[in-house]
Amino acid sequence: MRLDGAKMDLIKKIWTARKLILVVLIPLSLLPLPLIHPCSESSCAYVLIVTAVYWVSEAVPLGAAALVPAFLYPLFGVLKSSEVASEYFKDTTLLLMGVICLAASIEKWNLHKRIALRMVMIAGAKPGMLVLGFMCCTVFLSMWLSNTSTTAMVMPIAEAVLQQLICTGIADSLEDSVTVDTQDEESDKEENQELSKNHLQLLDRKHNENHEVCILNEELNGLILKPGFGPELSKESNGYLPEAPISIPAPPKKPKIQRDSLYPTKRDHMICKCLSLSITYAATIGGLITITGTSTNLIFAEQFNNRYPEAKVINFGTWFIFSLPIALIMLILTWIWLHCLFLGCNFRETCSLSKKRKSRRELLSEKRIQEEYQKLGPISYPEVVTGIFFILMTVLWFTREPGFVPGWTSLFEKKGYRTDATVSVLLGFILFLIPARKPWPSAFSSESKGDDDDEEEEDPLAPMITWKDFQRLMPWEIVILVGGGYALAAGCKVSGLSVWIGRQLEPMSGLPPWAVTLLTCLLVSAVTEFASNPATLTVFLPILSALSETLNMNPLHTLIPATMCVSFGVMLPVGNPPNAIVFSYGHVQISDMVKAGFGVNLIGVFVVMLAIMTWGEPLFNLSEFPTWALMRNVTGSL
């Protein structure tokens, strides 16, 4: 027994220190690879495998694991330290910083809450339309904010609506039980009155006939016999009634309804599940639409532009045109899937906009949403300024190089110097300068709703955002993670590892392009359920690029679907942060997430394949092997 206890203690200690053991054993066990084969390819493969294992296992924080190439590449002679350092800060980092400035202003002045509540008010309180309304506003906000920030902002609003729904349901059930009890008490009183009248009549007969009577009273539960006062039985008796008086207990009252569950009915629980899961799925769908919507899009854009600098095909406009139909189709199909799974297939009942068909609970839910909106007050000056900057940034992104007409960059003499990051950083910088109060005297009335410090409230020239606001939202871990991915890609390119990987994948050359793309989507979707999205994509992009070059396919044929599908880690709470946020509210269980997420996964893969085989082909000219990929292939082989 003592030995068994010692073994269990040893196992517990090993399990507690499993991450530390993994961090130490993985580099040591792989060390023979660069020592036995001292070449740049093997050294780069060693660094790539160690970093990938750290990322997938999360034995160390993602940002810390991304720093592994910064010291291993120089140690093994793959890249100089200065060359590795330059990979950690790229154009997309500036793009992200500018977007975070705008996002900080949106959140500081509650513009996101106004947009969300207004869209939900338009949708109404019918369960089906309520879910669709929350999904639409979440998709829109997730286009510009991070998926995590959007989910963290929308879920409290949805939770307030759900609590109102639950409280109204409990109140209705209590009112029903009180009504039932009142009716029972009134009927008992009437029965007692009738009994007393019959009893008096029978007593009169007793005095006249001088024998004992037996009063029969019929009730719901059977016959109740009340004997008279004489010692003998009545002549009408059957001889089997007891001679002693019988005490008849009063009929028990119906118990009141007691709720052991948090939800009044099972349908209310299903509504809570449906609405909660719809928000995390909508945040994922919205992040697909723009280059800045999620970090995986930024990783793809930067690695693609670094690997194929001659390819001028990926920018804000082309990505938006390709991904917007994907998001719209996924939004509709996901809403239908969740509705059928949790609310049933009666769309007419749950999606009617007629006021005559609304229940009391739905009307109260609408009232709660309107009250939340009224708390925001009239639209303020900082909200107007933020909205103008939001529209201006979007327009400038679209019109920089639209493709079908000359963009505003054609007004400059030197070409290729202005990117989407230029617009983003410029407008973000201006937000630090513009006062948050109107420049005329009437603005000094307190109409701002931001969480300002006392100094900012007293200072009439306080800016729209401060550095603290920016610092609070800036995801520096993601910046370092993206930089680590760029460093790995640069090492694979310089060492020739990507070319070697491509040669090993030549047996797949017999497969058609659609089959290669489908296998890529399924593999990436499966891996990303257990590993972080940025780490998964960072590992797969160099491999898929080499595979496409080897098969003489357009690299975008595999890279874009992989970038889309890496966001479909929606089956488990650990799949991505929005899943964890929604799961923490307690409305859904893991089984609910797996069941619903599996359907969303299939929908996503289907829609991405549909897009890449239809409108994506003419948009990116996917049917031909491009010259920019051919130049890269020739240069790499040299």
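Residues numbered from 1 in each chain as written. Predicted model: local features only at pLDDT ≥ 70, side-chain atom pairs only at ≥ 80, totals over all residues. Heavy atoms only, no water.

Caption draft 1: Molecular detail of helix 6 (residues 68-76). Burial in helix 6 covers these residues: V68, P69, L72 and Y73. Along helix 6, the residues classed as buried sweep out an arc of 100° about the axis, all on the same side. Buried residues belonging to helix 6 abut helix 4 (40-57), helix 5 (62-65), helix 7 (81-86) and helix 21 (476-495). (Buried < 20%, exposed > 50% of the residue type's maximum accessible area, 1.4 Å probe, protein only. Helix = DSSP H or I, 4+ residues; strand = E, 2+ residues; numbered from the N terminus. Arc of directions from axis to C-beta. Contact = heavy atoms within 4.5 Å.)

Caption draft 2: Main features of unusual backbone geometry. Notably, N110 is not glycine yet its phi reads approximately 60°, a positive angle. Mapping N110 onto the fold places it in the loop between helix 8 (91-108) and helix 9 (111-123). Of note in this structure, N621 is not a glycine but carries a positive phi near 55°. Looking at the element boundaries, N621 is found in the loop between helix 28 (616-620) and helix 29 (627-637).

Caption draft 3: Just the packing of aromatic side chains, in detail. Per the stated rule, a full pass over the model turns up 13 aromatic pairs. When the ring of F300 is compared with that of W319, the centres are 5.6 Å apart and the planes differ by 40°; the resulting orientation is tilted. Of the two residues, F300 sits in helix 13 (residues 295-307) while W319 sits in helix 14 (residues 316-343), which places them 19 residues apart along the sequence. A single burial state applies to F300 and to W319, both of which are buried. Relative to F470, the ring of W467 has its centre 4.7 Å away and its plane inclined at 40°; by these criteria the two rings are tilted. Placement of both W467 and F470 in helix 20 (residues 467-473) is noted, with a separation of three residues, approximately one turn of the helix. By relative accessible area, W467 is classed as exposed at 51%. Judged by relative accessible area, F470 falls into the buried class, the value being 1%. In textbook terms, an aromatic cluster arises when at least three aromatic residues are bridged by ring pairs, as seen for F300, F304, Y308, W319 and W628. In this structure, R18 is placed above the aromatic ring of W15, and the distance from its NZ or CZ to the ring centre is 4.1 Å. (Phe/Tyr/Trp six-rings, centres within 6.5 Å; stacked < 30°, edge-to-face > 60°. Lys NZ or Arg CZ within 6 Å of the ring centre and 35° of its normal.)

Caption draft 4: Representation of the pattern of salt bridges. Overall, the coordinates contain four salt bridges when judged by the stated rule. A salt bridge links D469 to K108; the shortest N-O distance between them is 3.0 Å. With D469 in helix 20 and K108 in helix 8, this pair connects stretches of sequence that are 361 residues apart. The pair D469 / K108 is uniform in exposure class, with both members buried. Taking the shortest distance from any N to any O, the salt bridge between E549 and R307 comes out at 3.2 Å. In this pair, E549 is assigned in helix 24 (residues 533-550) and R307 in helix 13, connecting sequence segments 242 residues apart. (Salt bridge = Lys/Arg side-chain N within 4 Å of Asp/Glu carboxyl O.)

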